[in-house]
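The chain contents come next:
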Amino acid sequence: MPNKGNSRTGRAPGGVRALITEALAERTPGGVRPGELHRGVRALRWVETGPAEGLPIVLVAGCGECSLTWAPLLPELAELGRAVAYDRAGLGASAPDRAPRPTLDAQVEDLAALIRHLDAGPAVLVGHSWGGQLVQLLARQRPELVAGLVLVDPAHEEFRPRAIALAEAALLRLSLLRTALAPAAPAPGDALGRAGAAAVARPHQRRAVLAEHRLTALAAPALRRRRAAAPLPGVPVTVLSATEGLPRALRARFTAAQAGIAAGAAGAVHTVVPGAGHYIHADRPDVVAAAVREVSDPARIARNAGH
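Below, the structure is looked at part by part.

What counts as what
Residues numbered from 1 in each chain as written. Predicted model: local features only at pLDDT ≥ 70, side-chain atom pairs only at ≥ 80, totals over all residues. Heavy atoms only, no water. Pairing = 2+ DSSP bridges. Helix = DSSP H or I, 4+ residues; strand = E, 2+ residues; numbered from the N terminus. Axes fitted to C-alpha atoms, helices over the stretch in contact; angles between N-to-C directions. Parallel < 35°, antiparallel > 145°, perpendicular 65-115°, else oblique. Left-handed = near helix turned anticlockwise from the far one by under 90°. Contact = heavy atoms within 4.5 Å. Nonpolar A, V, L, I, M, F, W, Y, C, P; charged D, E, K, R; others polar. Buried < 20%, exposed > 50% of the residue type's maximum accessible area, 1.4 Å probe, protein only. Expected span 1.5 Å × (residues − 1). Arc of directions from axis to C-beta.

**Describing the sheet that holds strand E7 (residues 237-241)**
- The strand order across the open sheet formed by eight strands is E1-E2-E4-E3-E5-E6-E7-E8, and the pairing between neighbours is mixed. Two strands bound the open sheet, and with one partner strand each, they are strand E1 (33-39) and strand E8 (269-272). Strand-to-strand twist in this sheet, taken as the mean axis angle between neighbours without regard to direction, amounts to 20°.
- Where strand E5 (residues 123-128) and strand E6 (residues 146-152) come together, six bridges link them in parallel fashion. Across the sheet, glycine 127 pairs through a bridge with leucine 151, a residue of E6.

Encoded structure:
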């Protein structure tokens, strides 16, 4: 029977973990394996695919999102290494933190703890949007844990127009309210739809989504200071920029900010992906997988030479 335990004890919310695992396994040849790491009284959870002894490739989702966002990409990564898609505290299947609101340090430390727990050396980190900022923070603060970075249309503290931020917040609250009042009934056989509904069905999940959006809105000064305090380490870095989904002038500003990330890292590559929206990993998973392969090849060679 599914475990309907209290998430305050670190146990997964009833059925959510199983639904996420089922949905991602259905789309990933070879299936996926669930994983769990206890952080005090709470549990950080993930799914992974590929060989358990392979190069760790850790996928870090965008703001308020969980491991389900990586459904289009996971099948592309299974042959490249040990691909791990995790849920931040309170999101998806992971238990919430007892702190009243998330912090940059808590999110970065959870990511660091996950990589250490994998016990397979430094990891290639793939970060989308807000996740792209978190993996940069980790790389600056804990470079020994990072073998390479793939930044998928990464967020940037210098690009958050107030109008967009307000619109995002309003749409987010409306979406969560609709979910709370009238949860969608996915079609029979739609495992991804069932998992997606379950991932925001619990009050603590909705609180975590809203809290993370507040964090991203308030974190700009801290992100600016940390970017100035330490460069990215000398590892392979690829920055992927979308072209669709924003008015042309705003998109140009966003892409320019992302190009600046690449310009600040020695040997980094900046690639604009024509026709792709913000979720490049959904529109062009082949492009993201190719970037992961290019970034991970040096780490894989070094890893094999050390064995």
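**Section: the packing of helix H1 (residues 16-27) against helix H6 (residues 191-198)**
- At a minimum axis distance of 8 Å, the contact between H1 and H6 shows a crossing angle of 150°. As far as their axial angle goes, H6 and H1 are roughly antiparallel. Viewed along their axes, H1 and H6 form a crossing whose handedness is left-handed. Contacts between H1 and H6 involve Val16, Leu19, Ile20, Glu22, Ala23, Glu26 and Arg27 from the first element and Ala191, Leu192, Arg194, Ala195 and Ala198 from the second.
- Of the residues belonging to the contact of H1 with H6, the class tally is eight nonpolar, no polar and four charged.

**Brief notes about the pairing of strand E3 (residues 56-60)**
- Among the five residues that make up E3, five are buried, leaving the element largely enclosed by the rest of the structure.
- As judged from the four bridges shared by E3 and strand E4 (residues 82-87), these two strands associate in the parallel manner. By the bridge assignment for E4, isoleucine 57 is matched with alanine 83.
- Bridge analysis of E3 against E5 gives four bridges, and the strand direction is parallel. Paired with leucine 59 across the bridge in E5 is valine 126.

**What about the packing of helix H3 (residues 104-118) against helix H4 (residues 130-141)?**
- Interhelical geometry of H3 versus H4 gives an angle of 75° and a closest axis separation of 10 Å. What the angle tells us is that H3 and H4 run roughly perpendicular. Here Leu104, Gln107, Val108, Leu111, Ala112 and Ile115 of H3 come into contact with H4, specifically with Trp130, Leu134, Val135, Leu137, Leu138 and Gln141.
- Classifying every residue of the contact of H3 with H4 by side-chain character gives ten nonpolar, two polar and no charged.

**Section: H1**
- Its twelve residues place the ends of H1 17 Å apart at the C-alpha level, agreeing with the 16 Å of an ideal helix rising 1.5 Å per residue.
- For H1, every residue scored as buried is listed here: Val16, Ile20, Thr21, Ala23 and Leu24. Along the long axis of H1, the arc covered by the buried residues comes to 165°, so they all point the same way.
- Buried residues in H1 make contact with E1, strand E2 (42-49), helix H2 (74-77), E4, H6 and helix H7 (203-218).

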